Amino acid sequence: MNILKLLDKLSHDKFFTTEASRLETITNISLFGKKATVAAVPLGLGTLMSTPVQAETTGKSITGAALKSTLTDALQLALVLEYLENEYYAIGLSTAGLIPNADRTVFMQISKHESAHVNFLKSTLTSLGSTPGTKPTFDFTANGNFTPFTDYNQFLILAQAFEDTGVRAYKGQAGNVMSNKVVLQAALQIHSVEARHASQVRRMRANKGWIELANGGNMPSATNPVYAGEDNVNQAGYNTGNAFGAAAGSAAYDEILTGSDAQAIASLFIV
């Protein structure tokens, strides 16, 4: 059964998900020197950004068109993030003398993964009858706040920030792609690979592979939005910090990024 037929079949089934509560307001965006707005990403993701998918508790059916719109909006957001990572690593690898030889193999492999993710998302969107968004024009200096292609340490910092953002963003969109089991499975497969990337880059910076509290680990304050909310220790009414302490309790569960939060972070690097 192809993706379109599966989507049509699932549009007649009941769709259960929960509304994700928003993380705390991003307060450090201004540190980048410009305001991040939803309009900065030219993809028309208004529905995804403003209205989370609601749990079906009233017995009212969700139309196939609504499911498809929610699904494709989530994929378009993922495509923006993959475009960003893919171009970032491509530029880094092509910049002579930036990445030490000992580390090039790692980033060459990660770059291949990101390219594969871009191709998958574009192909899937096309199969669903949606035109993939065009690749934005990126400014990886974030309006002059970073110099990642002349300073390898800053290259690693942004690589970690992008990967950690991607992990949380994919998790945050799980409820929005679960109407299509084929896409959901693929998204989960990509999510785990992004998590491996994040852990690898974090260790290359002498950080732990996981995140404790809202501390990214030796990161500049401008990247705080990437880690906002990670200090949560309350999971389904259970305080995970009671047994092992807040740091271990928060690290045991990664938090999501909502679509609007992920887009706001990405938009900082979009012209």
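Being a predicted model, the structure only gives us computed values, none of them experimental.

Caption draft 1: Just the overall build of the chain, in detail. Each helix and strand counted, the chain has 11 helices and 2 strands in total. Secondary structure elements in the chain, listed N-terminal to C-terminal, are α-α-α-α-α-α-α-α-β-β-α-α-α. Sequence-distant contacts, at least 24 apart, represent 80% of the contacts inside the chain between residues at least 6 apart. Of the roughly 12,700 Å² that the chain leaves accessible, carbon and sulfur atoms contribute 54%.

Caption draft 2: Seen up close, the side chain of E85. Following the sequence through the fold, E85 ends up in helix α3 (residues 64-94). One buried charged residue, E85, forms no salt bridge at all, with the nearest opposite charge on K171 at 12 Å.

Caption draft 3: The packing of aromatic side chains, seen in detail. In this structure the tally under the stated criterion is 15 aromatic pairs. Measuring from centroid to centroid gives 6.4 Å for F149 and F155, while their planes differ by 50°, and the two rings are tilted. Looking at F155, the relative accessible area reads 0%, which means it is buried. An aromatic cluster of three or more residues is present, and its members are Y88, Y89, F107, F138, F140, F146, F149, Y152, F155, F162 and F269.

Caption draft 4: Examining the pattern of salt bridges more closely. Scanning the entire structure with this criterion turns up 4 salt bridges. In this structure, the salt-bridge partner of D164 is R202, at a minimum N-O distance of 3.1 Å. A residue pair is termed long-range when its members are at least 10 positions apart, and D164 in helix α5 (residues 152-172) and R202 in helix α7 (residues 181-204) qualify at 38 residues. For the pair D164 and R202, a shared accessibility class is recorded, and that class is buried.

Caption draft 5: Focus on empty space enclosed by the protein. For the coordinates displayed, the defined rule picks out 3 cavities of 30 Å³ or more. A volume near 140 Å³ is recorded for the largest cavity. As for the largest cavity, its lining consists of 17 residues, and the residues nearest its centre are A78, Y170, Q173, V177 and A187. Elements represented by at least two residues in the lining of the largest cavity include exactly α3, α4 (101-127), α5, α6 (174-177) and α7. For the lining of the largest cavity, the per-class residue count stands at 15 nonpolar, 2 polar and no charged.

Caption draft 6: Main features of unusual backbone geometry. Even without a glycine there, the phi angle at N143 is positive, about 65°. You can see N143 is positioned in the loop between α4 and α5. The phi torsion at A206 lies on the positive side, around 65°, for a residue other than glycine. Considering the arrangement of structural elements, one finds A206 in the loop between α7 and α8 (224-227).

Caption draft 7: Expanded view of the nonpolar core. Among the nonpolar cores identified, the biggest contains 52 residues, and Y88, F107, F155 and F269 are the most heavily contacted of them. Those elements giving two or more residues to this core turn out to be α3, α4, α5, α7, α8 and α11 (259-267). By residue number, the principal contributor to this core is α3, which donates 13 residues.

Caption draft 8: Representation of the packing of α5 against α7 in the model. Running from amino to carboxyl end, α5 crosses α7 at an angle of 150°, the nearest separation of the two axes being 8 Å. As judged from the angle between their axes, α5 and α7 are roughly antiparallel. The handedness of the crossing between α5 and α7 comes out as left-handed. Contact residues: Y152, L156, A159, Q160, E163, D164, V167, Y170 and K171 in α5; A187, I190, H191, E194, A195, H197, A198, V201, R202 and M204 in α7.

Caption draft 9: Quick look at α5. For α5, spanning 21 residues, the distance from its first C-alpha to its last is 30 Å, which sits close to the expected 30 Å at 1.5 Å a residue. Where burial is concerned, most of α5 is hidden: 18 out of the 21 residues are buried. Where α5 begins, the capping side chain belongs to D151, and its oxygen is found 2.9 Å from the backbone nitrogen of N153.

Calculation notes
- Residues numbered from 1 in each chain as written.
- Predicted model: local features only at pLDDT ≥ 70, side-chain atom pairs only at ≥ 80, totals over all residues.
- Heavy atoms only, no water.
- Helix = DSSP H or I, 4+ residues; strand = E, 2+ residues; numbered from the N terminus.
- Contact = heavy atoms within 4.5 Å.
- Areas by Shrake-Rupley, 256 points an atom, 1.4 Å probe, with all protein chains shown as cover.
- Buried < 20%, exposed > 50% of the residue type's maximum accessible area, 1.4 Å probe, protein only.
- Lys, Arg positive; Asp, Glu negative; His and termini not counted.
- Salt bridge = Lys/Arg side-chain N within 4 Å of Asp/Glu carboxyl O.
- Phe/Tyr/Trp six-rings, centres within 6.5 Å; stacked < 30°, edge-to-face > 60°.
- 1 Å grid on protein atoms, 1.4 Å probe; cavity = no way out; pocket = protein on both sides within 12 Å on 5 of 7 lines; lining within 4 Å.
- Points joined across faces, edges and corners; volume = space filled by probe spheres on them.
- Nonpolar A, V, L, I, M, F, W, Y, C, P; charged D, E, K, R; others polar.
- Core = buried A, V, L, I, M, F, W, Y, C linked by side-chain atoms within 4.5 Å.
- Axes fitted to C-alpha atoms, helices over the stretch in contact; angles between N-to-C directions.
- Parallel < 35°, antiparallel > 145°, perpendicular 65-115°, else oblique.
- Left-handed = near helix turned anticlockwise from the far one by under 90°.
- Expected span 1.5 Å × (residues − 1).
- Polar contact = N/O pair within 3.5 Å; in protein donor to acceptor, adjacent residues only side chain to side chain.

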